[in-house]
Amino acid sequence: MTVATVGVHIVDILARPVEHIPPGQDTVLVDQIRLTAAGAAAGTAVDLVKLGNDVVTMGAVGDDELGDFLVAVLARRGVDVSRLARRPGEQTAASILPIRPDGGRPSFHVPGANLGVTLADLHVETLRAARAVHLGGVDVTFGLGEPAFFGLLDELREDGVVVTMDLLSELPDLLGMARAFLPHVDYVLPNESQARHMTGEDDVRAAALALLAEGPRGVLVTLGAQGSLVATGTGVEHVPALKVEVADTTGCGDAYCAGFLTGLLHGRDAPAAARWGTAAAARVATGLGSDAGITDLPSTLALLTDS
């Protein structure tokens, strides 16, 4: 497999546009409702496939109807789900997302089986065979924060496997625990709020450099409409966002990770790969849900030449 995604798997139920939650039992008509495979592992896996990668995903979902849906839609999108654990009696993680007219996305979330993921749920030989491993949401998959998994990541990197890491929450305590992964990954991709919470720095550049000092080869801080900040050993570079008509920001971070990692696998350096991530995020923002917008790599990269 080219890429293994490890971590958070979620079913998203999205509706747009939602300007308010109606009182009592009133009904509000909306333009669109969708169910999608989402989460920092599952959503990224779908985007990686669309960008031309072979992908296997690992983590845990419940042995329930939502889990059946999630496994089916991932497989339909071309993701290998043979290593995805099913948990009898547990809830599959899910979110209800009422999308505002400006693309904002408040959420109602149940974390479900994601909280119980451990190293025992992962197929180590499949990870060893990958060119890259993407860790999605290690701040909420608490069972992976153990020395044995850190040792495995170190072994993978020594063998030439690229390891990237994304985060899910914005809770300082959880993000503080995620800092333990930094010496064991190549690239970490927090958003601006996560970077600040992890470091205590108010300035985003200072936050990126503080994270970089803890061991990864690069730190890419996503800044929403302001683009992203790329910090490596050779310096700090701002990569601007691309102008698109935003329908929904759900999954933009996952798409950025998928585009960035795809760029690395095509031999691009971190700033150039960040531009690939920027293009993927822009595509996803034009539709509803984390799997919207992206169709293939050439049309995604065309955004860079059109801008």
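Residues numbered from 1 in each chain as written. Predicted model: local features only at pLDDT ≥ 70, side-chain atom pairs only at ≥ 80, totals over all residues. Heavy atoms only, no water.

> I'd love a proper account of the packing of aromatic side chains, names of residues and values included.
Under the criterion given, the structure shown has three aromatic pairs. On the numbers, 4.9 Å between centres and 85 degrees between planes, the contact of F150 with F181 is edge-to-face. You can see F150 sitting in helix α4 (residues 147–158) and its partner F181 sitting in the loop between α5 (172–178) and β10 (187–189), a full 31 residues away along the chain. Just as F150 is buried, F181 falls in that class too. Where Y187 meets F260, the ring centres are 5.2 Å apart and the plane angle is 75 degrees; that geometry is what we call edge-to-face. In this pair, Y187 is assigned in strand β10 and F260 in helix α8 (residues 252–265), connecting sequence segments 73 residues apart. In this structure F260 comes out as buried when scored by relative accessible area, which is 0%. (Phe/Tyr/Trp six-rings, centres within 6.5 Å; stacked < 30°, edge-to-face > 60°. Helix = DSSP H or I, 4+ residues; strand = E, 2+ residues; numbered from the N terminus. Buried < 20%, exposed > 50% of the residue type's maximum accessible area, 1.4 Å probe, protein only.)

> Can you tell me about the nonpolar core, naming the residues and giving the values?
Of all hydrophobic cores here, the largest spans 46 residues; its most connected members are L74, L220, F260 and L261. Put simply, the parts of the chain that give this core at least two residues each are α1 (42–50), β4 (55–62), α2 (65–76), β10, α8, α9 (270–285) and α10 (297–306). Sort the elements by how many residues they give to this core and α8 lands first, with nine residues. Those residues within four positions of L220 in sequence are excluded, and the remaining contacts are Y187, V188, L189, P190, L229, V230, Y256, F260, A270 and A274. (Core = buried A, V, L, I, M, F, W, Y, C linked by side-chain atoms within 4.5 Å. Contact = heavy atoms within 4.5 Å.)

> Describe the pattern of salt bridges, with residues and values.
Using the criterion set out here, one finds 12 salt bridges in the structure. Residues D121 and R87 are paired through a salt bridge, measuring 2.7 Å at the closest nitrogen-oxygen approach. With D121 in the loop between β7 (108–110) and α3 (124–129) and R87 in strand β5 (residues 84–87), this residue pair connects regions lying 34 residues apart in the sequence. Close ionic contact of R128 with E125 constitutes a salt bridge, the shortest N to O distance being 3.6 Å. Here R128 and its partner E125 are both found in helix α3, three residues apart, which amounts to about one turn of the helix. Salt bridges sharing partners connect three or more residues here, namely R34, R77 and D291. (Salt bridge = Lys/Arg side-chain N within 4 Å of Asp/Glu carboxyl O.)

> Account for the packing of α1 against α8, naming residues and giving values.
It is at 8 Å that the axes of α1 and α8 come closest, and there the two elements cross at 45 degrees. Relative to α8, the element α1 is oriented oblique. Our pair here, α1 against α8, has a crossing hand that is right-handed. Across the interface between the two elements, G43, T44, D47 and L48 from α1 touch D254, A255, C257, A258, L261 and T262 from α8. Among the residues making up the contact of α1 with α8, the classes are represented as five nonpolar, three polar and two charged. (Axes fitted to C-alpha atoms, helices over the stretch in contact; angles between N-to-C directions. Parallel < 35°, antiparallel > 145°, perpendicular 65-115°, else oblique. Left-handed = near helix turned anticlockwise from the far one by under 90°. Nonpolar A, V, L, I, M, F, W, Y, C, P; charged D, E, K, R; others polar.)

> Give me the lowdown on α9, citing residues and values where you can.
The end-to-end C-alpha separation of α9 is 22 Å, in line with the 22 Å expected for 16 residues at 1.5 Å each. In terms of burial, α9 is a largely internal element, 13 of the 16 residues being buried. If you check the start of α9, you find a side-chain oxygen 3.0 Å away from the backbone N of A272, and it comes from D269. (Expected span 1.5 Å × (residues − 1). Polar contact = N/O pair within 3.5 Å; in protein donor to acceptor, adjacent residues only side chain to side chain.)

> Go over the sheet that holds β5 with me, naming the residues and quoting the values.
One open sheet accounts for nine strands, arranged β5-β4-β1-β8-β9-β10-β11-β12-β13; its pairing is mixed. Of all strands in the sheet, those with a lone pairing partner are β5 and β13 (235–239), marking the two edges. Within the sheet, the average angular offset between the axes of one strand and its neighbour, ignoring direction, is 15 degrees. Bridge count for β4 against β5 is four bridges, and the pairing is parallel. Across the sheet, residue G62 finds its bridge partner in β5, namely R87. Contacts between α8 and the sheet are confined to β1 (3–7), β8 (132–136), β9 (162–166), β10, β11 (218–222) and β12 (228–232), with β9 contributing the most and set at about 165 degrees to the helix. (Pairing = 2+ DSSP bridges.)

> Describe in detail the sheet that holds β7, supporting the description with residues and values.
Spatially, β3-β2-β6-β7 is the arrangement adopted by the four strands of the open sheet, whose pairing is mixed. Each edge of the open sheet carries a strand with a single partner, namely β3 (32–38) and β7. Between one strand axis and the next, the sheet turns through 15 degrees on average, direction left out of account. This element, α2, spans β2 (10–16), β3 and β6 (94–98) of the sheet and lies at about 80 degrees to β3.

> Which residues make up the packing of α9 against α10, and what are the values?
Each pair of packed helices can be described by the angle between their axes along with the distance between the axes. At a closest axis distance of 8 Å, the pairing of α9 and α10 adopts a crossing angle of 105 degrees. One way to sum up the angle between α9 and α10 is to call them roughly perpendicular. On α10, the residues that touch R275, W276, A279, A280, A282 and R283 of α9 are L297, S299, T300, L301, L303 and L304. The class makeup of the residues in the contact of α9 with α10 is eight nonpolar, two polar and two charged.

Honestly, it's all geometry; don't read function into it.
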